[in-house]
Amino acid sequence: MYTLSYIEFYGLKREPFSAAPDESFWFNSPQHREALLKIIYGIKNYRGLITVTGDIGLGKTTLARKLLSELMKYENFEPSLIVIIHSDIGKVWFLKKIASNLKIITDENDPVSILSKVVKRLIEMYKNSKIPVILIDEANMLRDKEIMEEIRGLLNIEIPGKRLLSFILFGLPELEENLKIDMPLYERISLKIKLKPFNFESTKEYILHRLKVAGALKDIFSEDAYEIIYKYSKGKPRLINTICDNALLEGFLQKKKLINCEILNKVIKELGI
């Protein structure tokens, strides 16, 4: 009987290395666990502005969504997520997005009016012991000085010792340079978290973890295969996923139950890595 995909061929229940962020595949690596703990500590202590930076493919988006999920477990946190999809947004769009995330209904386009409603809402939330947290993914696309000034203005809304709104910015390393457009804002960063690639041990554990979550009941990659994956992925989760996904497809086409070095070398050559 012809097997339709590598999922059935390898006895899996779903794709283990999909490129789409999926919290069910969360890998609690030492650095990601530490990042979560630091961020939650910063929020609880009203630190205001926290940045999470790292190169492409290191899991920033996955971390952002995991953090959102974790914060939702706390009764007093009111977290929400904004994803920046291009760099041409203006301060009115940004303020309206903040207002929407704070459950403020407004059709106004006047920044002062929107900000007035935001301030009123933040004070109301504080009185109800709620801590609003705005997560911004792809924040490196924020390059408008006026938006930086609005973020700084929102961070200035405080009572003694407590800021009424926290921002967690996720982005490429250039995010920090962009924030320097407004130095007073840059100087308000209370915590900087920098994600790094996995080492060999974490790379292997990451692969095994995703396979297990996908339903694997036996070894699919040979021992020496992990070394090749680590060498060419350089420990970057996104590249690990790409290599492994293509390797499973190639192994299925060759009807090989164990992914070996030969299959991986062919895949890596075809990917041009």
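Residues numbered from 1 in each chain as written. Predicted model: local features only at pLDDT ≥ 70, side-chain atom pairs only at ≥ 80, totals over all residues. Heavy atoms only, no water.

A.B. asks: Explain the pattern of salt bridges to me, please; I cannot follow it from the model alone.
C.D. replies: For side chains of opposite charge, pairing can occur when their charged atoms come near one another. For the coordinates displayed, the defined rule picks out 21 salt bridges. A salt bridge links K38 to E34, with the nearest nitrogen and oxygen atoms 3.1 Å apart. Of this pair, K38 and E34 both sit in helix α2 (residues 30–44), four residues apart, which is roughly one turn of that helix. A salt bridge links E78 to K130; the shortest N-O distance between them is 4.0 Å. One end of the pair, E78, is in strand β2 (residues 77–83); the other, K130, is in the loop between α5 (111–127) and β3 (131–137), and 52 residues separate them in sequence. Classification of E78 as partly exposed rests on a relative accessible area of 27%. (Salt bridge = Lys/Arg side-chain N within 4 Å of Asp/Glu carboxyl O. Helix = DSSP H or I, 4+ residues; strand = E, 2+ residues; numbered from the N terminus. Buried < 20%, exposed > 50% of the residue type's maximum accessible area, 1.4 Å probe, protein only.)

A.B. asks: So what exactly am I meant to see when it comes to unusual backbone geometry here?
C.D. replies: Excluding glycine, most residues fall at negative phi; most peptide bonds, likewise, are trans. One non-glycine residue, K103, lies in positive phi territory at about 65°. Taking the relative accessible area as the measure of exposure, K103 reaches 61% and is therefore exposed. For E138, which is not glycine, the phi torsion reads 60° and is therefore positive. Within the element layout of this structure, E138 appears in the loop between β3 and α6 (145–155). Residue E138 is classed as partly exposed on the basis of its relative accessible area, which comes to 28%.

A.B. asks: What am I meant to see in the sheet that holds β2 here?
C.D. replies: Strand pairing within a sheet occurs via backbone hydrogen bonds; the two strands may be parallel or antiparallel. Overall, parallel pairing links the five strands, which are arranged β2-β3-β6-β1-β7 in an open sheet. On the outer flanks of this sheet lie β2 and β7 (189–194), each paired with one strand and no other. Strand-to-strand twist across the sheet, computed as the mean angle between neighbouring axes with direction ignored, equals 15°. One ladder, built from seven bridges, connects β2 with β3; its direction is parallel. By the bridge assignment, I82 is partnered in β3 with I136. Sheet contacts for α2: β1 (49–53), β2, β3, β6 (166–171) and β7; angle to β7, the most-contacted strand, approximately 170°. (Pairing = 2+ DSSP bridges. Axes fitted to C-alpha atoms, helices over the stretch in contact; angles between N-to-C directions. Contact = heavy atoms within 4.5 Å.)

A.B. asks: Even after reading the chapter, I still don't get the nonpolar core, so can you show me in this structure?
C.D. replies: Burial of nonpolar side chains together is a common tendency in soluble globular proteins. Membership of the largest hydrophobic core comes to 33 residues, with the highest contact counts inside it found for I136, L142 and F167. If one sorts the elements of this core by residue count, α6 sits on top with five residues. For L142, the contacting residues outside a window of four places in its chain are I84, I89, I136, I147, M148, I151 and N178. Judged by nonpolar contacts, the second largest core, of 32 residues, contains Y206, I207, L211 and C261. (Core = buried A, V, L, I, M, F, W, Y, C linked by side-chain atoms within 4.5 Å.)

A.B. asks: Help me understand the packing of helix α9 (residues 200–213) against helix α10 (residues 223–233), please; the structure alone is not making it clear to me.
C.D. replies: In a packed pair of helices, the relevant descriptors are the angle between the two axes and the axis-to-axis distance. Interaxial distance between α9 and α10 falls to 10 Å at its minimum, and their mutual angle equals 115°. Classified by the angle between their axes, α9 and α10 sit roughly perpendicular to one another. Considering the relative orientation of α9 and α10, their crossing is right-handed. Here F200, T203, K204, I207 and L208 of α9 lie close against α10, whose contacting residues are E223, Y226, E227, I229 and Y230. Taken together, the residues that form the contact of α9 with α10 break down as six nonpolar, one polar and three charged. (Parallel < 35°, antiparallel > 145°, perpendicular 65-115°, else oblique. Left-handed = near helix turned anticlockwise from the far one by under 90°. Nonpolar A, V, L, I, M, F, W, Y, C, P; charged D, E, K, R; others polar.)

A.B. asks: What's the story with the pairing of β1 in this structure? I'm lost.
C.D. replies: Counting buried positions along β1 yields five of five residues, so the element is predominantly enclosed. Because side chains alternate across β1, one face comprises the buried residues L49, T51 and T53, and the other comprises I50 and V52, equally buried. Bridge count between β1 and β6: five bridges; the pairing is parallel. Among the inter-strand pairings, T51 is bridged to a residue of β6, identified as L169. Examined bridge by bridge, β1 and β7 share five bridges and lie parallel to one another. When the bridges of β7 are listed, L49 appears paired with I189.

A.B. asks: So what exactly am I meant to see when it comes to the packing of aromatic side chains here?
C.D. replies: Given two aromatic rings, their pairing is described by the distance between the two centres and the angle made by the two planes. Within the structure shown, the criterion is met by nine aromatic pairs. Centroid distance F27 to Y206: 5.6 Å. Interplanar angle 75°. Geometry classified as edge-to-face. Of this pair, F27 sits in the loop between α1 (6–9) and α2 while Y206 sits in helix α9, and the two are 179 residues apart along the sequence. Judged by relative accessible area, F27 falls into the buried class, the value being 11%. A cation sits over an aromatic face here: R210 above F25, 4.5 Å from the ring centre. Note that K255 overlies the ring of F9, its terminal NZ or CZ placed 5.9 Å from the centroid. (Phe/Tyr/Trp six-rings, centres within 6.5 Å; stacked < 30°, edge-to-face > 60°. Lys NZ or Arg CZ within 6 Å of the ring centre and 35° of its normal.)

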